[in-house]
Amino acid sequence: MAFQGKKLINNPNDVVTEFIEGLVETYHGLQYLDGFPEVKVVLRADVSGATYDKVAVISGGGSGHEPAQAGYVGEGLLTASICGDVFASPTVDSILAGIRAVTGPMGCLLIVTVLLYPEPGYRFVGIDCCIANYTGDRLNFGLAAEQARSEGYKIETVIVGDDCALPKSQGIAGRRGLAGTILVNKVAGAVAAAGLSLADVASEAKRASEVVGTMGVALSVCTLPGQVTSDRLGPGKMELGLGIHGEPGAAVADLQPVDVVVTHVLKQILESNYVPITRGNSVVLMINGLGATPVMELMIAAGKTVPKLQLEFGLLVERVYTGSFMTSLDMKGFSISIMKVDQTLLQHLDASTKAPHWPVGSAGNRPPAKIPVPLPSSRSMKSDELLSRPLQLTEQGHILEVAIEAAANAIINMRDILNDWDSTVGDGDCGSTMYKGATAVLDDMKKYYPLNNAAETVNEIGSSVRRAMGGTSGVLYTIFCKAAYAQLKANSDSIVTAKQWAEALEAAIAAVSKYGGASTGYRTLLDALIPALAVLKERLTSGEDSCTSFVLSSEAAVAGAGSTKDMQAQAGRSSYVSAAILATVPDPGAMAAAAWYRAAALAVKDKFHPSFNSSINKSES
């Protein structure tokens, strides 16, 4: 079902002009041209057409692809950008105004991303890098170029059509210009900044345009300001080879892991003869976000693409540019651009620029893949005996093994529900974070835990948690384990009594409260553990057997965790959430603590009730 798209805007008709106003306020090297807002031209503040002694490089097209093209205006890249309305060609008057404002005796290069098919004998000049294959772009930039030439300006044109998703013959429209345009812009800007002639600038830009290929993949369709969001792509679907304006792509397919997507895109670009790239060539790679793709996902795509280019296609990857360079409003997805390069093109790409959105950290030769520096082993100070699981477990070792395994599996099974609860009151990752810790504990227990030594086992659990769990939960549980370990370590007996376990739990809770700042009623894991401790101590003092005391205290933990639904959070991210929302779910951290505590108690009861009480009581006597 289509629905109204959410946008942080004022009037949908003013989004382009208000974007330009914000851009020039942010980057003081940029200005907009007089005649604004009808004439939407962003230009270098230090350039005047009457006196400019280098070739002017102008690009433009419909807006909605920011930072392209206005974000690439600056010394060493574009001299001006002509901005149309969202996904609409700029007017002839705007293009002419831009040409007149920045073009001096050296001439001007127009940049439009379309293929043009003029009539025989029709002399067309300019680098055409608009953003799409629309007739309006061809006619408006063409008419502006001819008018400027009639006024005495030197104009040249180079065309960028880097789209590798569509068949090569597409009528008069030709292949679309996509993110590879940005690389061509950079080459043209560098050559112009070096003071070369208009013919040389156009020649190098044309050469670059002929060796770059791009293909995009989208998970959603973009939403135009003031319009409804299209439901063209259903759940679990992705679109291959879509247009930069959100027009339908070459195919719709089931969503696949990024490894599979990257492989498909690379084959389409490199094995379909769109670009003259063969094994042994040097290339640069651009991973371009389409507007709503997190940096994390773009970096994952980059990390998977580079090895494939090197190992599967035999290419030398000289540079990697990762980020959002040419977007499509709020579209989810990315495109991959590959450009064949030689040392001259690399020098142009590496040349300095003051354009605000060119990636400043991208220049320079790529070193070999870095080898991670090994972390100091946290186990290096321990004896070999403590570094491995005992060949034969004592009675206490068996009890610990069963309790730890049950506790970890309880957390693993709760991952999704914990995430659901946390998405309501936190950042949605409690289950995933706890899952990582629990799986690490299970894996490490099979190899490292000295289960016959309770104190050292608790310490190793802390080490597993510290290594695997992130966020606040990881730190708190590490503190919890380390404090319990210190308390248990003070006991010289080989078998830990129920009373000593209770003292260790009390020390652990006190440490978490001290460093975390929470206590009873704060809506945290302590609301499960503090009631459990109280019942455990009470039952043991009254003479209840150890296993029954453990089970009854776990019931108190579950009840305490459930009561968090009625609490106003005073710690963590939940403290920023309204009481009405908090009342809909319990605290996920408290529920997790209750779950592992309860699972451990029941597992011990089911498997070791008589022997557990026997071994514990024997030690206590």
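In the annotation of an unreviewed UniProt entry, the entry for the protein reads Dak kinase, and the organism field reads Gossypium australe. Under the heading Sequence similarities (unreviewed entry), UniProt records this for the protein: "Belongs to the dihydroxyacetone kinase (DAK) family."

One finds Tyr477, Phe480, Leu525, Leu529, Trp596 and Tyr597 to be the most contacted residues of the largest nonpolar core, which totals 72 residues. In terms of residue count, helix α18 (residues 588–620) provides more of this core than any other element does, 14 residues in total. Leaving out residues up to four positions away in the same chain, Phe480 has contacts with Leu505, Ala508, Ile509, Val512, Leu529 and Trp596. Leu30, Leu78, Cys222 and Val284 belong to the second largest nonpolar core, which has 57 residues in total.

Another aspect to go through is the packing of helix α11 (residues 430–447) against helix α12 (residues 454–468). At a minimum axis separation of 8 Å, α11 and α12 run at an interaxial angle of 135 degrees. On the basis of the axis angle, α11 is oblique to α12. The hand of the α11/α12 crossing is right-handed. Taken together, the residues of α12 that come into contact with α11 (itself represented by Lys436, Gly437, Ala440, Val441 and Asp444) are Ile461, Ser464, Val465, Arg467 and Ala468.

Once that is clear, we can look at the sheet that holds strand β6 (residues 108–112). Here six strands make up an open sheet; going across it, the order is β2-β3-β5-β4-β6-β7 and the pairing mixed. At either margin of the open sheet sits one strand with a lone partner, and together these are β2 (30–32) and β7 (155–159). In this sheet, neighbouring strand axes are inclined to one another by 25 degrees on average, regardless of whether the strands run parallel or antiparallel. Lying over the sheet, helix α5 (residues 198–209) contacts β4 (56–63), β6 and β7, oriented at roughly 10 degrees with respect to β7.

Looking now at the pattern of salt bridges. A side chain with one charge may pair with a side chain of the opposite charge, provided their charged atoms come close. Under the criterion given, the structure shown has 21 salt bridges. Notably, a salt bridge pairs Glu555 with Arg598, separated by 3.9 Å at the nearest N-O pair. Here the residue Glu555 occupies a position in helix α16 (residues 546–562), and Arg598 occupies one in helix α18, the gap between them amounting to 43 residues.

This part is about a negative patch on the surface. There is a patch of like negative charges on the surface, built from Asp14, Glu18, Glu21 and Glu25. Judged by relative accessible area, which is 37%, Glu21 ranks as partly exposed.

This next bit is on unusual backbone geometry. Following Glu66, the chain continues to Pro67 via a peptide bond in cis, the omega torsion being 15 degrees. Even without glycine at this site, Phe87 takes up a positive phi of about 55 degrees. Mapped onto the elements of the fold, Phe87 is located in the loop between β5 (80–86) and α2 (92–102). You will see that Arg523, though not glycine, has its phi angle at about 65 degrees, which is positive. Structurally, Arg523 can be placed in the loop between α14 (498–516) and α15 (526–541).

Let us now look at the packing of helix α6 (residues 258–270) against helix α7 (residues 295–312). Remark: α6 packs on α7, axes separated minimally by 10 Å, with the N-to-C direction vectors making an angle of 50 degrees. Compared by their axis directions, α6 and α7 come out oblique. The element α6 and its partner α7 pack so that their crossing is right-handed. Contact residues: α6 offers Val258, Asp259, Val262, Thr263, Leu266 and Leu270, while α7 offers Ile300, Ala301, Lys304, Thr305, Lys308 and Leu309. A breakdown of the residues in the contact of α6 with α7 according to their chemical character gives seven nonpolar, two polar and three charged.

Tallied over the full model, the rule gives seven aromatic pairs. Their ring planes at 25 degrees and their centres at 4.0 Å tell us that Tyr32 and Phe36 sit as a pair that is stacked. Feature note: the residues Tyr477, Phe480, Phe550, Trp596 and Tyr597 constitute an aromatic cluster, connected by ring pairs. Above the plane of the ring of Trp358 lies Lys186, whose end atom (NZ or CZ) is 5.6 Å from the centre. Over the aromatic face of Tyr435 sits the side chain of Arg415, whose NZ or CZ is 4.2 Å from the ring centroid.

Conventions used here
Residues numbered from 1 in each chain as written. Predicted model: local features only at pLDDT ≥ 70, side-chain atom pairs only at ≥ 80, totals over all residues. Heavy atoms only, no water. UniProt positions renumbered as here; feature names shortened; annotations may be inferred. Core = buried A, V, L, I, M, F, W, Y, C linked by side-chain atoms within 4.5 Å. Buried < 20%, exposed > 50% of the residue type's maximum accessible area, 1.4 Å probe, protein only. Helix = DSSP H or I, 4+ residues; strand = E, 2+ residues; numbered from the N terminus. Contact = heavy atoms within 4.5 Å. Axes fitted to C-alpha atoms, helices over the stretch in contact; angles between N-to-C directions. Parallel < 35°, antiparallel > 145°, perpendicular 65-115°, else oblique. Left-handed = near helix turned anticlockwise from the far one by under 90°. Pairing = 2+ DSSP bridges. Salt bridge = Lys/Arg side-chain N within 4 Å of Asp/Glu carboxyl O. Patch = residues over 30% accessible without salt bridge, like charges linked within 9 Å, V, L, I, M, F, W, Y side chains within 5 Å. Areas by Shrake-Rupley, 256 points an atom, 1.4 Å probe, with all protein chains shown as cover. Lys, Arg positive; Asp, Glu negative; His and termini not counted. Charge placed at Lys NZ, Arg CZ, Asp CG, Glu CD. Nonpolar A, V, L, I, M, F, W, Y, C, P; charged D, E, K, R; others polar. Phe/Tyr/Trp six-rings, centres within 6.5 Å; stacked < 30°, edge-to-face > 60°. Lys NZ or Arg CZ within 6 Å of the ring centre and 35° of its normal.

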